[in-house]
Amino acid sequence: MFRAGFRWMFLILGTAIGAGYASGREIWQFYGEQSALAIIFFTFIFIICSYIIMKISYEKKAEHFVPVLKELVGEKVSHVYDVITILYLFSTTVVMLAGGGATLELFTIPFWWGILIFGFLLVLVFLWNINGLISINMAIIPALIIFLTTVLFIFLSANGKEFSFILHEQGNWPSAFTFTALNILPLVAVLGAIGKEMKSKGEAWVASIGSGLFLGFITFVYNEALIEVAQEIMLYEIPLFIIMKNFPYVAVFIMSILLFGAIFTTAASGLLGLSTRFKDYLKMPLWMISILLILLMVPFTTFGFSTLVSILYPLYGIANLYLLAVILLYPIVNRYNLK
């Protein structure tokens with residue numbers, strides 16, 4: 001149970017720790033000053049949501065996210081969420097694909113060759129179906145967590161940072177809900193694909209508690225480090241590199257590789273959600289569906305996403321908050337005993 005639970009834990013972490021999170025931009029957007037209580041709330045909310053989603057997925061023996069959506073929001077509304085989730089996964093995976101190509105340009109690899117290499121590696125992962133993605137996450141995510149937390153603690157120690165918690169200075173606590181909501185759709189999409197693979201509900205407890213505690217701890221430490229460089233954040237696209245500006249070049253190089261890994265795991269999670277969704281219709285193995293999806297995505301990698309994002313992301317925000325509320329109310333509405 002614990003071994004399987006840890007496998008799912010890294011799948012959750014790989015989904016949640018994308019390039020935006022690892023770079024610090026996502027954390028600073030939601031937190032900052034007066035956010036310790038918000039991060040504690042986030043930790044508990046994330047654990048509850050992950051467990052409920054996994055438990056529903058296990059009980060439905062789900063192979064994709066639609067059965068989970070139907071259980072949460074009902075038959076009719078699930079059709080709307082089905083479309084929203086597909087759009088969300090498609091658009092974010094396209095952005096990651098373009099990001100992967102752009103990152104490889106730093107190594108003098110042309111953009112289109114970079115996308116080809118990135119896409120090939122993604123397809124390679126799915127030759128082993130879900131196990132391939134879990135193996136990649138178990139290789140990349142621990143390395144990213146260890147290196148990132150080491151960098152953050154070295155930085156905080158060098159700056160003489162002392163942690164404190166003053167209850168009446170925690171005005172940013174509502175951010176716990178918006179930050180959790182940001183991760184809800186991809187979480188449903190990925191965890192909805194593993195129900196058939198799970199052997200017991202105990203795996204859900206191990207995975208949800210483990211991933212929640214890890215994310216909560218890293219988010220708190222990262223946020224404390226970002227507060228220290230708050231005056232400079234607007235000058236950098238990647239806040240993490242402000243923290244690392246006095247680190248040796250080799251450390252920055254290693255972190256750049258790990259950020260590329262975070263882009264890769266996010267793209268792989270999006271492809272998993274999409275591939276499992278269409279598997280019943282296409283009657284193909286996941287790696288073949290991945291090839292078709294990547295070929296479909298490639299033309300969009302040069303598309304100006306500002307207009308698309310300005311239309312879709314507000315929709316995602318509303319949809320995510322509603323879905324978060326439904327998940328949190330699910331135990332009450334269904335007299336859920338969490339056993």
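The rules we used
- Residues numbered from 1 in each chain as written.
- Predicted model: local features only at pLDDT ≥ 70, side-chain atom pairs only at ≥ 80, totals over all residues.
- Heavy atoms only, no water.
- Core = buried A, V, L, I, M, F, W, Y, C linked by side-chain atoms within 4.5 Å.
- Buried < 20%, exposed > 50% of the residue type's maximum accessible area, 1.4 Å probe, protein only.
- Helix = DSSP H or I, 4+ residues; strand = E, 2+ residues; numbered from the N terminus.
- Contact = heavy atoms within 4.5 Å.
- Salt bridge = Lys/Arg side-chain N within 4 Å of Asp/Glu carboxyl O.
- Phe/Tyr/Trp six-rings, centres within 6.5 Å; stacked < 30°, edge-to-face > 60°.

Let's talk about the nonpolar core
Point 1. Counting 116 residues, the largest nonpolar core has Trp8, Met54, Leu72, Leu122, Ile243, Met255 and Leu323 as the members making the most contacts within it.
Point 2. Per element, the largest residue contribution to this core is 13 residues, and it comes from helix H13 (residues 249-282).
Point 3. Once residues lying within four places of it in the same chain are set aside, the contact partners of Met54 are Trp8, Ile12, Leu191, Ile194, Met198, Glu203, Ala204 and Ala207.

Here's the deal with the pattern of salt bridges
Point 1. Taken as a whole and judged by the stated rule, the model has seven salt bridges.
Point 2. In this structure, the salt-bridge partner of Lys55 is Glu59, at a minimum N-O distance of 2.3 Å. Here the residue Lys55 and the residue Glu59 both occupy positions in helix H4 (residues 36-60), the gap between them amounting to four residues, near one helical turn.
Point 3. Owing to a relative accessible area of 5%, Lys55 belongs among the buried residues under this scheme.
Point 4. Note that Asp82 and Arg277 form a salt bridge whose closest N and O atoms lie 2.7 Å from each other. Remark: Arg277 occurs in helix H13 and Asp82 occurs in helix H6 (residues 75-105); sequence separation between them is 195 residues.
Point 5. Overall, Asp82 belongs to the buried group, its relative accessible area being 10%.

A word on the packing of aromatic side chains
Point 1. This structure, assessed with the given rule, holds 13 aromatic pairs.
Point 2. Pairing Tyr51 with Trp205 gives two aromatic rings, centres 3.9 Å apart and planes at 20°, and the pair type is stacked. One end of the pair, Tyr51, is in helix H4; the other, Trp205, is in helix H11 (residues 202-228), and 154 residues separate them in sequence.
Point 3. On the basis of relative accessibility, which here comes to 1%, the residue Tyr51 falls in the buried class.
Point 4. Classification of Trp205 as partly exposed rests on a relative accessible area of 33%.
Point 5. Aromatic side chains Phe153 and Phe217 sit 6.1 Å apart centroid to centroid with 35° between the ring planes, which places their arrangement in the tilted category. Residue Phe153 is located in helix H8 (residues 129-158), and its partner Phe217 is located in helix H11; the two are separated by 64 residues in the primary sequence.
Point 6. A relative accessible area of 37% means that Phe153 is categorised as partly exposed.
Point 7. A connected cluster of aromatic rings, assembled from ring pairs, spans Tyr21, Phe30, Tyr31, Phe42, Phe46 and Phe179.

From the geometry alone we can't say anything about function, so treat these as descriptive.
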